[in-house]
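Spelled out from the first residue to the last, the chains are:
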Amino acid sequence: STLSEDVDAVAGYSHPTQVAGSGFLSKSGITRVILPEACYGINQQSFSNMADLESVVISSQTQFGGKQAFSSCKKLSTITPHGMAETNGVAFLPETVTSIPANLFQAANSTALKHVIAPGATDFGGDACFQNCNGLETVTVKDLKHIYTLTFQSCNALTNIVVLSRNNP
C-alpha cells in the first residue's frame, strides 16, 4: 500500500518538516511512502527495518539527520525527489545531501537497489554506508574525500564508483 495521506500521524508530527527518528521503524505492509515536499528532514532509523518498503518519494531539499535511515529495508529499490521521474533500481539523493550518513543502507540486503546517485555528496559520513547492499552496482557522488571502514563490505555486485568532479588542491 502507498502511504501519503497519513504520513503526518505515522511520522510522529502534525504537518511534519521532518520524519521523527524511528518514525516508520518496522512498519509492515507499506510498499511506498510519499513524503510532503515540506518534509525535508530524515532522521536516524526513520525507515529502518520496513520489510515491505520498495519506494520513497522525498523532498528535493532533503537532509539526513542520522544514520541507519534505510537500514534493513530488504525490498527498497527506488528513492526519488518530488518532480523527478521514478526509475526502478535507482536511489537519487538530492544535491542537498552532501554527506552519505553512516549505515544509511546497511543490511538492506536488497538486490533491487542497483544505483545510488548523490550529486551533492562529497563524503561518506561514516562506517558501513552501503554494507550488504547485494545488488548495488554503481554509486555516483560529486567528489570523494573519505571512504570509511566497511563502507562497501559485501557489496559483491559493485563495479563502479563514479566521481562527477574532483577538486584538486
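Located above this text is the structure these notes cover.
This report concerns the structure included in the present document. Within any chain, residue numbers begin from 1 and follow the written order of that chain's sequence. Only residues with pLDDT of 70 or above have their local features reported here, since the model is predicted, and side-chain atom pairs are shown and tallied only from 80 upward, although totals for entire chains, interfaces and linings are computed over all residues. The side-chain numbers reported here are obtained from all heavy atoms of the structure, hydrogens and water having been left aside.

## Topic: the overall build of the chain
Heads up, the condition is: The helix and strand labels rest on DSSP assignments: H or I over at least four residues marks a helix, E over at least two residues marks a strand, and numbering proceeds from the N terminus. Only protein chains enter the accessibility calculation, which uses a 1.4 Å probe; a residue is then buried when its area is under 20% of its type maximum, exposed when over 50%, and partly exposed in between. Residues are treated as being in contact if the distance between any of their heavy atoms lies within 4.5 Å. Areas reported here follow the Shrake-Rupley algorithm with a probe of radius 1.4 Å; residue values treat only the protein chains shown as occluding.
Along its length, the chain carries 1 helix and 13 strands. Residues counted as buried form 49% of the 169 residues belonging to the chain. When contacts within the chain are restricted to residue pairs at least 6 apart in sequence, those whose partners lie at least 24 apart make up 40%. Of the accessible surface of the chain, which amounts to about 7,400 Å², a share of 47% is contributed by carbon and sulfur atoms.

## Some remarks on the packing of aromatic side chains
Counted only if it meets this: Side-chain rings of Phe, Tyr and Trp (the six-membered ring for Trp) are treated as a pair once their centres are within 6.5 Å; stacked means planes under 30 degrees apart, edge-to-face means over 60, and tilted covers the remaining angles.
Applying the stated criterion across every chain yields a total of 8 aromatic pairs. On the numbers, 5.4 Å between centres and 0° between planes, the contact of phenylalanine 130 with phenylalanine 152 is stacked. A residue pair is termed long-range when its members are at least 10 positions apart, and phenylalanine 130 in the loop between β11 (123–124) and β12 (138–141) and phenylalanine 152 in the loop between β12 and β13 (160–163) qualify at 22 residues. Taken together, the ring pairs connect Phe24, Phe47, Phe64, Phe70, Phe105, Phe124, Phe130 and Phe152 into an aromatic cluster.

## A look at the pattern of salt bridges
Inclusion rule: Salt bridges are defined by distance alone: a side-chain nitrogen of Lys or Arg within 4 Å of a carboxyl oxygen of Asp or Glu.
Applying the stated rule across the entire model yields 2 salt bridges. Arginine 32 is the partner of glutamate 86 in a salt bridge, and the nearest nitrogen-oxygen pair spans 2.2 Å. Taken together, the residues glutamate 86 in the loop between β7 (78–81) and β8 (90–92) and arginine 32 in strand β3 (residues 32–34) connect sequence positions 54 residues apart. Taking the relative accessible area as the measure of exposure, glutamate 86 reaches 37% and is therefore partly exposed.

## Regarding the nonpolar core
Selection criterion: Put simply, buried Ala, Val, Leu, Ile, Met, Phe, Trp, Tyr and Cys residues joined by side-chain atoms within 4.5 Å make one nonpolar core.
Phe47, Phe70, Phe105 and Phe130 are the most contacted members of the largest nonpolar core, which totals 39 residues. Where this core is concerned, the elements lending two or more residues are β5 (55–58), β10 (115–118) and β12. Aside from chain neighbours lying at most four places away, what touches phenylalanine 70 is Ile42, Phe47, Val56, Phe64, Leu76, Ile79, Leu104, Phe105 and Ala108.

## Notes on the pairing of β12
Look at any regular strand and the pattern is simple: side chains alternate between the two faces of the sheet. What counts here: Any two strands with at least two DSSP-identified bridges between them are counted as paired.
Where burial is concerned, the two faces of β12 agree: the one with Thr138 and Thr140 and the one with Val139 and Val141 are both buried. With 4 bridges joining them, β10 and β12 adopt parallel strand pairing. Looking across to β12, one finds that alanine 118 is bridged to valine 141. Relative to β13, β12 is paired through 4 bridges, and the arrangement is parallel. Note that in β13 the partner of valine 139 across the bridge is isoleucine 161.

## What to know about the side chain of serine 55
For serine 55, the position within the fold is in strand β5. Sequence-distant contacts of serine 55, that is, excluding residues within four places in its chain, are made with Thr31, Arg32, Val33, Leu76, Thr78 and Glu86.

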